[in-house]
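A structural walkthrough
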Amino acid sequence: MGELPLDGVVVVSLEQAVAAPYATRQLADLGAR
């Protein structure tokens, strides 16, 4: 698999809402840590 678009990006997630874990998962699937 090639390099992902967000490879090397670090995301700090302080989530509380229902949509936040979904958004974090999407970022992780794109390569963010």
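Residues numbered from 1 in each chain as written. Predicted model: local features only at pLDDT ≥ 70, side-chain atom pairs only at ≥ 80, totals over all residues. Heavy atoms only, no water.

**Topic: the environment of Glu3**
In this fold, Glu3 is placed in the segment before helix H1 (19–29). Of the residues examined, Glu3 reaches a relative accessible area of 70% and is grouped as exposed. A C-alpha to C-alpha distance of 14 Å links Glu3 and Arg33, two positions 30 residues apart in sequence. (Helix = DSSP H or I, 4+ residues; strand = E, 2+ residues; numbered from the N terminus. Buried < 20%, exposed > 50% of the residue type's maximum accessible area, 1.4 Å probe, protein only.)

**Side note on the pattern of salt bridges**
Tallying each qualifying case throughout the model produces 1 salt bridge. Across the pair Arg25 and Asp29 runs a salt bridge whose closest N-O atoms are separated by 3.4 Å. In this pair, Arg25 and Asp29 both sit in helix H1, 4 residues apart, roughly one turn of the helix. According to the relative accessible area criterion, Arg25 is exposed, its value standing at 53%. (Salt bridge = Lys/Arg side-chain N within 4 Å of Asp/Glu carboxyl O.)

**Digging into the environment of Ala23**
Within the secondary structure, Ala23 sits in helix H1. We classify Ala23 as partly exposed; its relative accessible area is 40%. Between the C-alpha atoms of Ala23 and Asp7, which are 16 residues apart in sequence, the distance is 16 Å.

**Quick notes on the environment of Pro5**
For Pro5, the position within the fold is in the segment before H1. On the basis of relative accessible area, Pro5 is assigned to the exposed category, the value being 65%. Counting along the chain gives 26 residues from Pro5 to Gly31, while the straight-line C-alpha distance between them is 6.6 Å.

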